[in-house]
Protein chains: 2
Amino acid sequence: MEVAVMTAAKARQIVLAARPQGRPKLSDFRLEETVIPTPGAGQVLLRVQYLSLDPYMRGRMDDRKSYATPVPLGGVMQGESVAKVIVSKHPGYSEGDIVLAQTGWRTHALSDRADLRKLDPAVAPVTTGLGVLGMPGFTAYGGLRVIGKPKPGETVVVAAASGPVGSLVGQLAKIAGARAVGIAGGTEKCAYVKDELRLDAAIDHRDSDFAAKLAAACPDGIDVYFENVGGAIWQAVLPLLNKFARVPVSGLIAQYNGVGKGDGTDRLPATMRQILSKSLTVRGFINNEFAAEHYPAFLREVGAGIAEGRIRYREDFVDGLENAPEALIGMLEGRNFGKLIVRVGA
Amino acid sequence: MEVAVMTAAKARQIVLAARPQGRPKLSDFRLEETVIPTPGAGQVLLRVQYLSLDPYMRGRMDDRKSYATPVPLGGVMQGESVAKVIVSKHPGYSEGDIVLAQTGWRTHALSDRADLRKLDPAVAPVTTGLGVLGMPGFTAYGGLRVIGKPKPGETVVVAAASGPVGSLVGQLAKIAGARAVGIAGGTEKCAYVKDELRLDAAIDHRDSDFAAKLAAACPDGIDVYFENVGGAIWQAVLPLLNKFARVPVSGLIAQYNGVGKGDGTDRLPATMRQILSKSLTVRGFINNEFAAEHYPAFLREVGAGIAEGRIRYREDFVDGLENAPEALIGMLEGRNFGKLIVRVGA
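About the criteria used
Residues numbered from 1 in each chain as written. Chains lettered and ligands numbered in written order. Predicted model: local features only at pLDDT ≥ 70, side-chain atom pairs only at ≥ 80, totals over all residues. pLDDT = per-residue confidence, 0-100. Pairing = 2+ DSSP bridges. Helix = DSSP H or I, 4+ residues; strand = E, 2+ residues; numbered from the N terminus. Axes fitted to C-alpha atoms, helices over the stretch in contact; angles between N-to-C directions. Contact = placed C-beta atoms within 7 Å. Parallel < 35°, antiparallel > 145°, perpendicular 65-115°, else oblique. Left-handed = near helix turned anticlockwise from the far one by under 90°. Nonpolar A, V, L, I, M, F, W, Y, C, P; charged D, E, K, R; others polar. Least-squares fit on C-alpha atoms with pLDDT ≥ 70 in both. Buried ≥ 20, exposed ≤ 12 C-beta atoms within 10 Å, placed from the backbone.

Let us now look at the confidence of the model for chain A. Detailed reading of the predicted coordinates is not advisable wherever pLDDT falls low. Per-residue pLDDT for chain A has a mean of 92; in total, 95% of the residues score no lower than 70. With pTM at 0.88, the complex prediction returns an ipTM value of 0.87.

For the rest of this paragraph, the subject is the sheet that holds strand β8 (residues 155-158) of chain A. The sheet built from 12 strands is open, its strands ordered β10(A)-β9(A)-β8(A)-β11(A)-β12(A)-β13(A)-β13(B)-β12(B)-β11(B)-β8(B)-β9(B)-β10(B) with mixed pairing. The sheet is open, and its two borders are formed by β10 (201-204) of chain A together with β10 (201-204) of chain B, each paired with just one other strand. Ignoring strand direction, the axes of neighbouring strands in this sheet form an average angle of 15 degrees. Both strand β9 (residues 179-184) of chain A and β10 of chain A contribute to a ladder of 4 bridges, which runs parallel. Within β10 of chain A, the position partnered with Ala 184 of chain A by the bridge is Asp 204 of chain A. Across the face of the sheet, helix α5 (residues 187-196) of chain A comes into contact with β9 and β10 of chain A while running at roughly 165 degrees to β10 of chain A.

To continue, consider the packing of helix α3 (residues 135-148) of chain A against helix α10 (residues 291-307) of chain A. Residues and elements named next belong to chain A. Put simply, α3 and α10 touch, their axes get as near as 10 Å, and they point 110 degrees apart. Taken together, α3 and α10 sit at an angle that is classed as roughly perpendicular. The two elements α3 and α10 cross, and the hand of that crossing is right-handed. Here α3 contributes Gly 137, Phe 138, Tyr 141, Gly 142, Arg 145 and Val 146 to the contact with α10, which in turn contributes His 294, Tyr 295, Phe 298 and Val 302. Residue composition of the contact of α3 with α10, by class: 6 nonpolar, 3 polar and 1 charged.

This brings us to the relation of the copies chain B and chain A. Note on the identical chains: chain B maps onto chain A by a rotation of 180 degrees and an axial translation of 0.0 Å, with an RMSD of 0.1 Å. In symmetry terms, the pair is related by a two-fold rotation axis.

In the Ramachandran plot, Arg 198 of chain A falls in the positive-phi region, its phi being about 60 degrees despite a non-glycine side chain. Secondary-structure assignment places Arg 198 of chain A in the loop between α5 and β10. By the C-beta count within 10 Å, which is 13 here, Arg 198 of chain A ends up partly exposed. One non-glycine residue with positive phi stands out, namely Ser 279 of chain B, at about 50 degrees. Note on placement: Ser 279 of chain B falls in the loop between α9 (268-277) and β13 (281-284). Note on Ser 279 of chain B: 18 C-beta atoms within 10 Å, which makes it partly exposed.

A separate point is the pairing of strand β13 (residues 281-284) of chain A. The alternating pattern of β13 of chain A places Thr 281 and Arg 283 of chain A and Val 282 and Gly 284 of chain A on opposite faces, both of which are buried. Looking at chain direction, strand β12 (residues 241-249) of chain A and β13 of chain A are connected through 4 bridges and run parallel. Each residue of the ladder has a partner; that of Arg 246 of chain A, found in β13 of chain A, is Thr 281 of chain A. Across 3 bridges, the pairing between β13 of chain A and β13 of chain B is antiparallel. Note on β13 of chain B: the bridge partner recorded for Thr 281 of chain A is Arg 283 of chain B.

In this assembly, 31 residues from chain B lie in contact with 30 residues from chain A. Secondary structure elements with two or more residues in the side of chain B that touches chain A: α9 and β13 of chain B. Looking at the side of chain B that touches chain A residue by residue, the class counts come to 13 nonpolar, 12 polar and 6 charged.

Below, the structure written as C-alpha cells:
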C-alpha cells in the first residue's frame, strides 16, 4: 500500500523518442517519470482519467508542415483527455470537477484553464466527450452538415464506418433521410455497422470483390463520400460518384504511415478528370473551423440522439498509460473498433 | 465563276474518322461533301461564318463516359459557331440574322431554334460570342465568382493565362482587387499577360526555374488557383496554396491527349494530404451549371468592361473549315494564343 502511494506520487508521461519511418514502433516512444507539478495562482492540477487516441496523432509525430505543429523530439505526445481537478488555485474550478483538457499523454498536468471544458457526468458518460460528443463526433457532424449536405434519398458512403467519426457520419446520414452505406474492415465490424448502427449496407473493404459489392450497394451512385481513409477505397468510390457529389475529407489514415511503392500508376490525373467531368466538390477540413457556428447545435442534437438511444456509439478501452503506444500503433492498422480510449487513472 | 457556284452549292463537314490514341492526327478527321439540307416548317438553314475551337472537343473524340456524349465514329465533330440565317421557315428568325448555334464542324446546318441565341453586331463583334462574351468567358466568370470568390488583397493564379478562359480570369481577379498572377508558355504570351492584360506577374511554365519563379511571384501564397491545365503546373501550385484556398477546375488540357508514362510516382496521396491539411476546396465545374443564375450578370458586366476597354481579349483566326483539324491539334499543344476561331464562310 505504501509502495502504491509512493508510485502514485510520481507523474508519468510518454514522449516522442524518435520520428517514425513508416509505421511507428514501440521504440519511437519513451515512458518517463517526473515529479507531479505544483499549480501556481490561477492554475489547476489535473489528474488524467481517460486519454483519447486519435489518428491525427500520427501526423504530429512527423516533422512535416501541416495544420499543426509537430511534437518535438523528446516532447510529450499531444492528446486530449478527460481529467479530474485535484488541486485548484483557480476560482472557476473546484477539486473534483471533471474537465476535457489538452493534457497530452501523461498522468498529471497543469492548466491555466484556456483549454478546459467542464463535463457533467449526469448528461452523458464523461468519456463521450472524447468521442461521439467530442472532436470525432463534431468532425462527423461538421463535415456532413457543412460540406456533405445529404438530401433525403441521396446516397452517403463513409469509410471506417465503425470508427468514432464514421459511425456518427452514417447515423447522421440516416437521420437526414439518406441511404447510408458503411465501409469497414472485417465481418465483425460490418455486422456492427449493419445491425447496431443500422446503416443500409456494410461493405468489407478486405473482400476481394470489394469494388463490385460497393457498386451493388449504391445502385443510384454516391452523392456524398465522407473521406477519412484515403488509399485504395477512394479508387473504388471514384467511379461511383454522381454529378455534383460532395467529398468532405477529414482524414487519410491509410496514408499516415507513408505511402508504399505502389504500382507506378499516377492516380492524380484520373481523380482530377472525375472532379472536372462530374463537377465534384472535394473539400478538406479540420473540425474546429466549424466550431463557432455549429458546435452548440452539435452538442444539442447529438446529445439528444444519444439520450434517446437514436444515436449509438462504441468505446474501446485500453488500461494504463504505458499501453498507449501499442494501442496507437494498432489503431493505425485498423485493429481498434470504436473510439479508442486509454484508462490512465481514477 | 460557274464552277465556284457549283462548289458553293455543296455543304462540307468534318467528321471523326478514327478515335485518337494520344494526340490527334490529321487522319483522325475526314472532310466530307454533302448536299445543303432543306429546312422544314419551323426550321432555319444556317450558313456557318465562324467556328469555335475549344479544348473540350478533344474529350468528345474519346469513347469515354464524361459529362457529354462522345462524337460517334463517322459523326460530325461537335462545336459552336456564329452563323447567318440564310433561309428561315421559323417566324422568330429572318434571313440575315446572326446567331450563336451548336452547328458542329460544317458549313451549313439546320436548326429548329432551341439552341440559337441572336447576336447584335452593334453591341460587340459577333465573334466575341464564341470567346470573351461566350462559353469561355462565362467559364472564367462562373468559376471565379461562384467557386474562387477572390477577396481584395488575395492572390489568384491562373494557368493558360493568355487563352480565352485564363485571360478573363486574370482580368476579373484584378477587377475584384486581388493580386493576379498568370502562367503562360513562352515569352510572347507572358509579355501579353503582363503588358496587355495588365496582370501583376506572368510566369513562363517552360522556364526551368518555373516553380521557384512562381513562388517568388506569390509571396503571400495562393488563395485561388483557377485550374484549366492540369499536369506539371499543379505540382508547382500545390505547395503554395494557402489554408482555405479554392481551386475551380474548368479544364485539364495537359491531360486531354492522355497521360504519359510518368516517373512512377503516384501524385494523388500528396494532393489529398494538401487538401486535408490546408482545408482546400477543389471543385470541378461546367460553365452551364451557373448559367441560370449568373449569365445575365456576366453579359452585362463583361460586356460593359469590353465596351469601356477595361477588359481585353484576343482572337486567333484560321481560314477555312478544312484547316480546323490542324488548328485543334495545335491548340492542344499550346500553339494558339487567344481564342481560336475558324473562318468558315461569309
